[in-house]
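# Structure assessment
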Amino acid sequence: MEIKSSWQEMDKEENLLLKGDIKKGMHLKKEDVIRKLNKRLAWKIAFTAIFTPFYFLAIIIVASLIGKALFAFIGLFHILGLIFFIRQYRIAKAFDPSQMSVKQVLQGYLENIHKTVRLEERAGLFLYTFAGSAGYVFSLSQAGKMDEAMRDPEIWLILLVTLLIITPLSHYLAKWLNKKTFKSYTDLLEMRLAQLDEN
């Protein structure tokens with residue numbers, strides 16, 4: 001009975017030490033991985049919030065109904081994206097090292113970041129087609145060539161070819177940006193998790 005009690009006490013002390021290390025790290029700029037990940041999630045919220053109003057402004061500016069519909073769809077899609085980023089940010093901020101084990105905190109952060117990036121990239125792959133089309137229609141509308149374009153198959157063929165080029169390029173650019181933004185920090189968390197598993 002005494003051996004079991006001593007083992008439980010040692011386990012508690014180890015967990016407290018690890019949690020203490022995490023809390024201490026939250027105040028060190030060079031070691032604060034979790035805070036930096038939260039900051040990058042906040043950047044996504046700010047970026048989306050800044051650019052979303054411009055899509056609704058374009059609805060007013062563009063003359064064609066097709067353009068208005070495209071920009072309205074993109075604007076609504078960005079609002080949903082903004083809600084999603086805010087939700088993921090709140091989830092990230094809710095992880096409490098004092099209430100959870102270190103392993104649970106790190107796993108929670110990793111899962112949250114991976115989910116955010118994965119869904120953003122999938123949604124973006126779908127959205128780039130509409131964004132490219134909206135930009136093309138906007139340029140035609142501003143040039144006063146929308147009526148002419150509606151009757152000219154060649155113009156729509158150019159749009160199709162452009163989208164086939166822009167969509168995959170935009171997708172891989174987004175993946176590269178997310179990798180630059182998050183990967184170095186998620187790698188550190190995964191390394192820490194591996195160390196915990198070894199122990």
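Residues numbered from 1 in each chain as written. Predicted model: local features only at pLDDT ≥ 70, side-chain atom pairs only at ≥ 80, totals over all residues. Heavy atoms only, no water.

### Considerations on the nonpolar core
Counting 18 residues, the largest nonpolar core has Leu37, Leu106, Tyr109, Ile113, Phe182 and Leu189 as its most contacted members. Secondary structure elements with two or more residues in this core: helix H2 (33–61), helix H4 (102–142) and helix H6 (153–198). Ranked by residues supplied to this core, first place goes to H4 with seven residues. Sequence-distant contacts of Phe182, that is, excluding residues within four places in its chain, are made with Leu37, Arg40, Leu41, Lys44, Ile113 and Val117. Membership of the second largest hydrophobic core comes to 15 residues, among which are Ala58, Ala134, Val137 and Leu159. (Core = buried A, V, L, I, M, F, W, Y, C linked by side-chain atoms within 4.5 Å. Buried < 20%, exposed > 50% of the residue type's maximum accessible area, 1.4 Å probe, protein only. Helix = DSSP H or I, 4+ residues; strand = E, 2+ residues; numbered from the N terminus. Contact = heavy atoms within 4.5 Å.)

### Brief notes about the packing of aromatic side chains
Pairs of aromatic rings are described using the distance from one ring centre to the other and the angle between the two planes. Tallied over the entire structure, the rule returns eight aromatic pairs. Taking the centre distance of 5.7 Å and the plane angle of 40° together, the rings of Phe73 and Phe77 count as tilted. Here Phe73 pairs with Phe77, and both are found in helix H3 (residues 65–94), just four residues apart, close to one helical turn. The class of Phe77 is partly exposed, set by a relative accessible area of 23%. On the basis of an interplanar angle of 75° and a centroid distance of 6.1 Å, the ring pair of Phe73 and Phe126 is categorised as edge-to-face. Within this pair, whereas Phe73 is found in helix H3, its partner Phe126 is found in helix H4, the two being separated by 53 residues in sequence. The partly exposed category is assigned to Phe126, whose relative accessible area is 43%. (Phe/Tyr/Trp six-rings, centres within 6.5 Å; stacked < 30°, edge-to-face > 60°.)

### Re the packing of H4 against H6
The axes of two packed helices give the description: the angle between them and the distance between them. The contact between H4 and H6 brings their axes to 9 Å, and the two run at 170°. By the criterion of interaxial angle, the relationship of H4 to H6 is roughly antiparallel. For the contact of H4 with H6, the per-class residue count stands at 21 nonpolar, 10 polar and seven charged. (Axes fitted to C-alpha atoms, helices over the stretch in contact; angles between N-to-C directions. Parallel < 35°, antiparallel > 145°, perpendicular 65-115°, else oblique. Nonpolar A, V, L, I, M, F, W, Y, C, P; charged D, E, K, R; others polar.)

### Notes on the confidence of the model for the chain
Put simply, the chain has an average pLDDT of 80, and 81% of its residues get 70 or more. Within the model, the stretch residues 6–31 combines pLDDT values under 50 with 19 contacts to residues more than four positions away or in other chains. (pLDDT = per-residue confidence, 0-100.)

### With respect to the pattern of salt bridges
The final tally for this structure, using the stated rule, is three salt bridges. Among the salt bridges present, the one from Glu120 reaches Lys44, with a minimum N-O distance of 2.8 Å. Taken as a pair, Glu120 in helix H4 and Lys44 in helix H2 lie far apart in primary sequence, 76 residues in all. Lys44 sits in the buried class, given a relative accessible area of 14%. Note that Lys183 and Asp187 form a salt bridge whose closest N and O atoms lie 3.0 Å from each other. Within this pair, Lys183 and its partner Asp187 are both found in helix H6, separated by four residues, close to a single helical turn. (Salt bridge = Lys/Arg side-chain N within 4 Å of Asp/Glu carboxyl O.)

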